[in-house]
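Remarks on the overall topology
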Amino acid sequence: MKRIVIFILSLSCAFSSVAQQRPNIIIIISDDHALSTIGAYGSTYGATPHIDRIAREGATFIHTFVNNSICAPARATLLTGKYSHANGLRDNHDEFDSRQDIFPRRMKNAGFQTAWIGKWHLKTYPDGFDYWNIVPGQGQYYNPSFISMKGDTTKSTGYCTDIITDQALQWLDKRNTSQPFCIVVGQKAPHRTWMPDLQDLGKYDQTKFPLPPNFYDSYDQRIAAKNQDMNLANTLKLGYDLKMKSDTSDQLNSATAFTQRMNIAQRKVWNAYYDKIEADFLQQKPTGNALLDWKFQRYMKDYLSTTLSLDRNVGRILDYLDQHQLAENTIVIYTSDQGFYMGEHGWFDKRFMYEESMHTPFIVRYPGVIKPGISMPQLISNVDFAPTLLTVAGIAPPADMQGRSFADLFKNPTAKFRDAVYYHYYEFPGEHSVMKHFGIRTERYKLIRFYGEQNFWELYDLKTDPHEMKNIYAQVKSGNLVADLKKKLKDLTVTTNDEVALKVLGDGR
Ligand code: SGN
Ligand code: CA
């Protein structure tokens, strides 16, 4: 008996010393964070010093793409390492089956302490975590509610980005320090309707934002782009989006809705700021392109102000790691569920396979493994995140995960990875009216197949046309380039077993 006890004790000591060596993992995933507004990706607006710090101390993957640029599907892919058609989450209306094989459950089973805090947005509750505390649906910016593991909902007081971070840090405080941990911090910001923290109101009031070069786009040769409902000119509302009380043009408008959840003190500061903006607007009465420019400027100010708190809270997490001697043995990842349009093509929102929304930030700090400050050019897909995370945790990814681990790139930053990434968007008809499409992006080209009521191809040469304004498909369709890209696309639909795409391609239309 004594011998057995000693054996078990020595085994558990061995396990815990292995556990000590395994890195902790923190994944901060924001919602709709456009690369164009992040310093590490070239933005000059100074909104992201702490995210930029992760980049300075780690690696910035400059070609990371999502396989379906919309929230819930991107989160399902992060969890499962599978494409939307394989994990069942094609659009925001689908329900996620949380009992399926997700990387955090594998980590939990291997001795990691796991948690998901903040925005989850998968309809069903999390399963397979040690701990979770999530905001319902999209969550609220002010005094947000949280759903606990017991299933009850509690309203908190304060600003959501702060509170989600508070909760993450509290969980870290209470965790069992004999185990490595993996925590996902799901921030709501900077999702529509871009409500900044009170302390950040007005921070960009002196900034005049230049229009993106393709702000005025006539959508020539691009039917789906022409038919969308996500443009600043018509879709973006003065009331609903830009908080102007005098806009009563649509049912959704309620500048009062913004302040509904606020307490008196919060509402007072909020109204004082926006009432002044509105008074100025009503005096100027801009029309035509001047009105469009005014909308663009306000959109940029609200959005960037919202990212100030997001970044500040990234800084709080980094500080916590420093103060608790955890920085050296913790991998920190900053990413977003997808990218966002900041006026490119005249748009906000995401969904399209064009660069601004398909592209997502992925910045990782891994002390002692990743050389600080490196820029990684390889094509990465968000389907690769889960197998990579398992690999760095010392767990073999299961064979049916469709993504591939890129953990080797951390040590060998010049190694080759993918030659193409795959994409498929399904939510049509739906909010913002973006037609269904799938396709591939290679280092230089992007081939897109729109299908459904209308069927057509688009092809972009990203080297000569980085803003994706010239669909060259009709010009070059019979050449070798298109034949090669179509073959690559077909191969990916076969290897990923995307039956819907295969059927569309099989139709030969
Ligand atoms: C909400 C937004 C949309 C946005 C979707 C999806 N409308 O419905 O503009 O495209 O979320 O966003 S809002 O009126 O509620 O703001 S996602 O990031 O969750 O996929
Ligand atoms: Ca999102």
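We now turn to the structure provided with this report. (Residues numbered from 1 in each chain as written. Chains lettered and ligands numbered in written order. Predicted model: local features only at pLDDT ≥ 70, side-chain atom pairs only at ≥ 80, totals over all residues. Heavy atoms only, no water.)

1. Section: the site of ligand 1
Taken together, 18 residues sit near ligand 1, with Y240, D349, R351, E431 and H432 positioned nearest. A distance of 2.7 Å separates an oxygen atom of ligand 1 from a polar atom in the side chain of R351. The protein chains hide 87% of the 450 Å² of surface that ligand 1 would expose on its own. Split by residue class, the shell around ligand 1 holds three nonpolar, six polar and nine charged. (Near = heavy atom within 4 Å. Polar contact = N/O pair within 3.5 Å; in protein donor to acceptor, adjacent residues only side chain to side chain. Areas by Shrake-Rupley, 256 points an atom, 1.4 Å probe, with all protein chains shown as cover. Nonpolar A, V, L, I, M, F, W, Y, C, P; charged D, E, K, R; others polar.)

2. Points about the coordination of the calcium ion (ligand 2)
Donor atoms from the polypeptide that bind the calcium ion (ligand 2) are D31 (OD), D32 (OD), D337 (OD), D337 (OD) and Q338 (OE1), placed at 2.1 to 2.8 Å. Viewed at the metal, the six donor atoms of the calcium ion (ligand 2) are separated by angles of 51 to 172°, and the geometry they form is irregular. When the donor residues of the calcium ion (ligand 2) are listed from N- to C-terminus, their spacing reads D-D-x304-D-Q. You can see D31 sitting in the loop between β1 (24–30) and α2 (49–57) and its partner Q338 sitting in the loop between β9 (330–336) and α11 (355–358), a full 307 residues away along the chain. (Donors = N, O, S within 2.8 Å, 3.2 Å for Na, K, Ca; no water. Tetrahedral: all angles 85-135°; square planar, octahedral: opposite > 155°, others 65-115°. Helix = DSSP H or I, 4+ residues; strand = E, 2+ residues; numbered from the N terminus.)

3. Considerations on the packing of aromatic side chains
In total, this model carries 42 aromatic pairs according to the counting rule given. Taking 4.9 Å as the distance between ring centres and 65° as the angle between the ring planes, the aromatic pair formed by W194 and Y299 counts as edge-to-face. Placement of the pair is W194 in the loop between β8 (181–186) and α7 (223–227) and Y299 in helix α10 (residues 288–323), with a sequence separation of 105 residues. Pairwise contacts between aromatic rings join Y219, Y341, W347, F352, Y354, F450, F456 and Y460 into one cluster. Between K188 and the ring centre of Y141, over which it is positioned, the NZ or CZ distance is 4.7 Å. (Phe/Tyr/Trp six-rings, centres within 6.5 Å; stacked < 30°, edge-to-face > 60°. Lys NZ or Arg CZ within 6 Å of the ring centre and 35° of its normal.)

4. What to know about the sheet that holds strand β13 (residues 420–425)
A sheet is described by the order of its strands in space; here four strands give the open sequence β13-β14-β15-β16, paired in antiparallel fashion. The open sheet is flanked by β13 and β16 (456–461), the only strands paired with a single partner. The mean angle between the axes of side-by-side strands here comes to 15°, regardless of whether they run parallel or antiparallel. Pairing geometry for strand β15 (residues 445–450) and β16, over six bridges, is antiparallel. Each bridged residue has a counterpart across the sheet, and for F450 the counterpart in β16 is F456. (Pairing = 2+ DSSP bridges. Axes fitted to C-alpha atoms, helices over the stretch in contact; angles between N-to-C directions.)

5. Things to note about the packing of α2 against α10
Direction vectors running N to C along α2 and α10 enclose 50°, while the axes themselves pass 7 Å from each other. Compared by their axis directions, α2 and α10 come out oblique. Each of P49, H50, I51, R53 and I54 in α2 lies in contact with α10, whose residues at this interface are D311, R312, V314, G315, L318, D319 and D322. Counted by class, the contact of α2 with α10 contains five nonpolar, two polar and five charged residues. (Parallel < 35°, antiparallel > 145°, perpendicular 65-115°, else oblique. Contact = heavy atoms within 4.5 Å.)

6. With respect to the nonpolar core
Side chains that are nonpolar tend, in soluble globular proteins, to be buried together. In terms of nonpolar packing, the biggest core is built from 68 residues, with I26, I183, Y299 and Y334 touching the most fellow members. Within the residue set of this core, elements represented by two or more residues are β1, α2, β4 (113–119), α6 (160–174), β8, α9 (264–284), α10 and β9. Ignoring anything within four residues of it in the chain, the contact list for Y334 reads I28, S30, H33, I38, I51, I54, L310, V314, P361, F362 and I363. Grouped together as the second largest cluster of nonpolar side chains are 46 residues, V364, I370, A407 and F417 included. (Core = buried A, V, L, I, M, F, W, Y, C linked by side-chain atoms within 4.5 Å. Buried < 20%, exposed > 50% of the residue type's maximum accessible area, 1.4 Å probe, protein only.)

7. Description of α6
Taking 1.5 Å per residue, 15 residues should reach 21 Å; α6 reaches 21 Å between its end C-alpha atoms and fits that length. Those residues of α6 that sit buried are C160, T161, I163, I164, T165, Q167, A168, L169, W171 and L172. Where α6 is buried, its residues meet β1, β4, β5 (131–135), β6 (145–147), β8 and α10. (Expected span 1.5 Å × (residues − 1).)

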